[in-house]
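Topology and contacts: notes
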Amino acid sequence: MAVNVLVVYYSAFGHVHQMADAVAEGARGVQGAEVRVRRVPELDMFKSGLEKSEHYRASQQRQQENAEVTHDDLRWADGIAFGTPTRYGNMCAQMKAFIDTTAGMWQKGELENKAAGVFVSTASIHGGQETTILTSLVPLLHLGMVFVGTPYGENPQMLVTDGIGGSPYGPGTLSAGDNSRQPVESELTTARNLGSRIARVAEQLKALRA
Ligand SMILES: Cc1cc2nc3c(=O)[nH]c(=O)nc-3n(C[C@H](O)[C@H](O)[C@H](O)COP(=O)(O)O)c2cc1C
């Protein structure tokens with residue numbers, strides 16, 4: 001069966017962007033899956049501060065390849081992967097602002113029974129890998145979405161004591177305080193596996209909704 005997967009993300013310095021590409025790659029590996037990668041736009045209140053950073057400007061330039069997300073992308077999707085850098089253990093304001101534009105869709109139940117997963121980036125290993133996903137769940141459950149994580153059975157690469165991102169709740173990478181660290185292969189593997197799992201679960205949910 002054909003299944004549509006949307007990967008929607010915000011990324012200031014490129015870590016979540018790289019993870020989004022890996023989630024999309026995993027989803028594309030599922031037969032019948034069509035995949036869109038869309039970015040959440042910057043908020044005006046952050047622009048003047050962030051644009052002082054060359055790292056930020058270069059990362060935003062690279063992300064121009066992805067169109068800005070629209071409500072029609074949400075409607076099109078059977079499954080949605082949301083990517084966000086942590087902000088004090090929560091999703092970023094840019095992603096929350098976009099989710100807060102969906103009130104009309106919520107009223108009509110347009111996102112109910114669609115599959116959803118969350119992937120993250122944090123500066124430090126205890127900076128919110130798990131909490132950012134768990135706190136992101138609250139609005140997604142209000143919208144009626146069905147949560148998809150990344151269990152150890154499919155992700156044995158997470159069963160280590162090394163300093164890598166990712167948890168049963170979803171993929172994660174670590175950026176370091178100066179955003180110099182890049183996603184490592186085991187983190188990208190978990191991201192690909194989330195994309196694949198969302199596509200497979202979304203396909204089953206689509207059959208149930210039909
Ligand atoms: C306002 C603010 C709050 C942040 N809070 C945290 C935090 O609680 N824990 C943490 O590990 N990193 C925190 N960070 C660092 C970001 O999560 C990090 O820059 C991000 O993961 C990089 O992802 P990106 O390259 O996709 O933007 C914070 C950054 C900002 C600007």
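Read on for an overview of the structure.

1. Here we look at the overall build of the protein
From N to C terminus, the protein includes eight helices and six strands. Reading the helices (α) and strands (β) of the protein from amino to carboxyl end gives β-α-β-α-α-α-β-α-α-β-α-β-β-α. Reported as C-alpha extents along the three principal axes, the dimensions of the protein are approximately 50 × 40 × 30 Å. Relative to its full complement of 210 residues, the protein shows a buried share of 51%.

2. With respect to the site of the ligand
The environment of the ligand is made up of 18 residues, and the closest members are Ser11, His15, Val16, Ser121 and Gly127. Within the side chain of serine 121, one N or O atom sits 2.8 Å away from an oxygen atom of the ligand. The separation between an oxygen atom of the ligand and a polar main-chain atom of alanine 123 is 2.9 Å. A total of 640 Å² of accessible area belongs to the ligand in isolation, and the protein chains cover 78% of it. Broken down by secondary-structure element, the contributors of at least two residues to the shell around the ligand are helix 1 (15–28) and strand 4 (115–122).

3. Focus: the pattern of salt bridges
Using the criterion set out here, one finds 14 salt bridges in the structure. A salt bridge links lysine 47 to aspartate 44; its shortest N-O distance comes to 3.2 Å. Placement of the pair is lysine 47 and aspartate 44 together in helix 2 (residues 44–50), with a separation of three residues, close to one helical turn. Residue aspartate 44 is classed as exposed on the basis of its relative accessible area of 62%. Look at the salt bridges and you will find they share partners, linking Glu25, Glu185 and Arg192 into a network.

4. Quick word on the nonpolar core
Nonpolar side chains in soluble globular proteins tend to be buried together. In terms of nonpolar packing, the biggest core is built from 27 residues, with Leu6, Ile80, Phe82 and Met145 touching the most fellow members. Contacts of isoleucine 80, omitting those with residues within four sequence positions, involve Leu6, Val8, Leu74, Leu111, Ala115, Ala116, Gly117, Met145 and Ile198. Core analysis: the second largest hydrophobic core is formed by 26 residues, Val5, Ala22, Leu194 and Leu205 among them.

5. Observations regarding the environment of valine 16
Within the fold, valine 16 resides in helix 1. On the basis of relative accessibility, which here comes to 1%, the residue valine 16 falls in the buried class.

6. Some details on helix 3 (residues 54–62)
Among all positions of helix 3, only Tyr56, Ser59 and Gln60 are buried. Buried residues of helix 3, seen end-on, are gathered within an arc of 100° and therefore sit on one face of the element. What points out from helix 3, more than 90 degrees from its buried face, is the exposed set Glu54 and Gln61. Between the side-chain oxygen at the start of helix 3 and the backbone nitrogen of histidine 55 there is a gap of 3.3 Å, and the oxygen is on serine 53.

7. What about the pairing of strand 3 (residues 79–85)?
With respect to burial, strand 3 is a largely interior element, seven of its seven residues being buried. Taking every second residue as pointing to the same face, both faces of strand 3 are buried, with Gly79, Ala81, Gly83 and Pro85 on one and Ile80, Phe82 and Thr84 on the other. Sheet topology places strand 1 (residues 3–9) next to strand 3; five bridges connect them, and they run parallel. In the sheet register, valine 8 faces strand 3, and the bridge partner there is phenylalanine 82.

8. Structural notes on unusual backbone geometry
The backbone of tyrosine 88 shows a phi angle near 55°, a positive value even though the residue is not glycine. Tracing the backbone shows tyrosine 88 in the loop between strand 3 and helix 5 (93–99). Of the residues examined, tyrosine 88 reaches a relative accessible area of 84% and is grouped as exposed. Positive phi outside glycine occurs at asparagine 179, with the angle close to 60°. By secondary structure assignment, the location of asparagine 179 is in the loop between strand 6 (172–174) and helix 8 (185–209). Taking relative accessible area as the criterion, asparagine 179 reaches 16% and is therefore assigned buried.

9. Things to note about the packing of aromatic side chains
For any pair of aromatic rings, the description consists of the separation of the ring centres together with the inter-plane angle of the planes. One pass over the full model with this rule turns up one aromatic pair. The interplanar angle of 75° and the centroid separation of 6.3 Å between the aromatic rings of phenylalanine 13 and tyrosine 56 together place this pair among those described as edge-to-face. Placement of phenylalanine 13 in the loop between strand 1 and helix 1 and of tyrosine 56 in helix 3 is noted, with a sequence separation of 43 residues between them.

About the thresholds
- Residues numbered from 1 in each chain as written.
- Predicted model: local features only at pLDDT ≥ 70, side-chain atom pairs only at ≥ 80, totals over all residues.
- Heavy atoms only, no water.
- Helix = DSSP H or I, 4+ residues; strand = E, 2+ residues; numbered from the N terminus.
- Buried < 20%, exposed > 50% of the residue type's maximum accessible area, 1.4 Å probe, protein only.
- Near = heavy atom within 4 Å.
- Polar contact = N/O pair within 3.5 Å; in protein donor to acceptor, adjacent residues only side chain to side chain.
- Areas by Shrake-Rupley, 256 points an atom, 1.4 Å probe, with all protein chains shown as cover.
- Salt bridge = Lys/Arg side-chain N within 4 Å of Asp/Glu carboxyl O.
- Core = buried A, V, L, I, M, F, W, Y, C linked by side-chain atoms within 4.5 Å.
- Contact = heavy atoms within 4.5 Å.
- Arc of directions from axis to C-beta.
- Pairing = 2+ DSSP bridges.
- Phe/Tyr/Trp six-rings, centres within 6.5 Å; stacked < 30°, edge-to-face > 60°.

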